[in-house]
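Listed below are the residues making up each chain.
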Amino acid sequence: MTSLVLIGFMGAGKTTISKKLAARLDQPVIDMDDYLVQQLGCSIEQYFATFGEAAFRDHETALLKTILQKKAVIATGGGVVLQKENQELLKQQQVIYLKGEADILIERIRQDQTNIRPLALKNSDTKLREIMWEREKIYKSLAKITIDTSKKLPDEIITEIIKWVENNDENWVSRS
Ligand code: S3P
């Protein structure tokens, strides 16, 4: 039983696309960051500040294991791919990499007042570009399909994903 798992850097649109995609496919959606905020009882920013990034990654890994037991459209946090054991789990899923131009993603991250990312708080734009660059190879190595979202509307991205899914996984068929 595979899930459709959206990976990619912060600001790439994983949350927005996952919700719309799940609605189009009539399937449940799980946003890992939302779940973690509920589980942790505070914002991710507060959690990082109090317990540190490593503790957050442990929760993230445990959550990934649990949610992959059911079929769903999953929006991951941008750093989920860092843990080796998560990479192994993700290789068995239909992983969709939402990619974006660095300047556009950084602008989105900096503008987003409703979601304060700890990594964006503590790093300069130059450092964020470096982190993005380092992660790029991991995202690519796990992806079954890569979509550059920089200049596309959500509906275009979703149509592209659904076409791909219909051609590649008979368990995931669009009902629209
Ligand atoms: C992180 C990305 C965030 C969130 C946390 C760490 C990262 O999720 O999980 O702030 O390491 O890239 P989004 O990619 O949904 O912003």
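Quick notes on the rules
- Residue numbers restart at each chain and count upward from 1, following the sequence in its written direction.
- Owing to the predicted nature of the model, reporting of local features is limited to residues with pLDDT of at least 70; listing and counting of side-chain atom pairs is limited to 80 or more, with chain, interface and lining totals taken over all residues.
- Excluding hydrogens and water, the side-chain values take into account all heavy atoms of the structure.
- UniProt positions are given in the numbering used here, feature names are shortened, and annotations may be inferred rather than shown by experiment.
- The rule is simple: take the accessible area with a 1.4 Å probe, protein chains only, and divide by the maximum for that residue type; under 20% is buried, over 50% is exposed, in between is partly exposed.
- Helix and strand labels come from DSSP, where a helix needs a run of H or I of at least four residues and a strand needs a run of E of at least two; each type is numbered from the N terminus.
- For this quantity, the arc is that covered by the directions from the helix axis to the C-beta atoms.
- Residue contacts are defined here by distance: any two heavy atoms, one from each residue, within 4.5 Å place the two residues in contact.
- Nearness is judged by heavy atoms alone; a residue qualifies as near a molecule or strand once a single heavy atom is within 4 Å of it.
- We call two N or O atoms a polar contact when they sit within 3.5 Å, provided that within protein one can donate a hydrogen and the other can accept it, with sequence-adjacent residues counted only if both atoms are side-chain atoms.
- Note on areas: these come from Shrake-Rupley sampling with a 1.4 Å probe, and a residue is covered only by the protein chains present in the view.
- Side-chain classes are defined by residue name, with Ala, Val, Leu, Ile, Met, Phe, Trp, Tyr, Cys and Pro counting as nonpolar, Asp, Glu, Lys and Arg as charged, and the others, Gly among them, as polar.

An unreviewed UniProt entry annotates the protein chain as Shikimate kinase originating from Enterococcus hirae. The record in UniProt for the protein chain states the following under Sequence similarities (unreviewed entry): "Belongs to the shikimate kinase family." According to the UniProt record, the Subcellular location (unreviewed entry) comment for the protein chain reads "Cytoplasm".

### A word on helix 6 (residues 102–111)
Regarding helix 6, the residues found buried are Leu105, Ile106 and Ile109. Mapping the buried residues of helix 6 onto a view down its axis gives an arc of 95°, with all of them on the same face. Structural note: helix 6 exposes Asp103 and Gln111 on the side pointing more than 90 degrees away from its buried face. Check the buried side of helix 6 and you find it contacts helix 7 (118–122) and helix 8 (125–142).

### A look at the site of the ligand
Around the ligand, 13 residues are found, and the nearest of them are Lys14, Asp33, Arg57, Arg117 and Arg135. Here Arg57 contributes a side-chain N or O atom positioned 2.7 Å from an oxygen atom of the ligand. Within the side chain of Arg135, a nitrogen or oxygen atom sits 2.7 Å from an oxygen atom of the ligand. Starting from 390 Å² of accessible surface for the ligand in isolation, the protein chains cover 97%. If you list the elements that add at least two residues to the shell around the ligand, you get helix 4 (53–67) and helix 7. Residues of the shell around the ligand, tallied by class, amount to five nonpolar, three polar and five charged.

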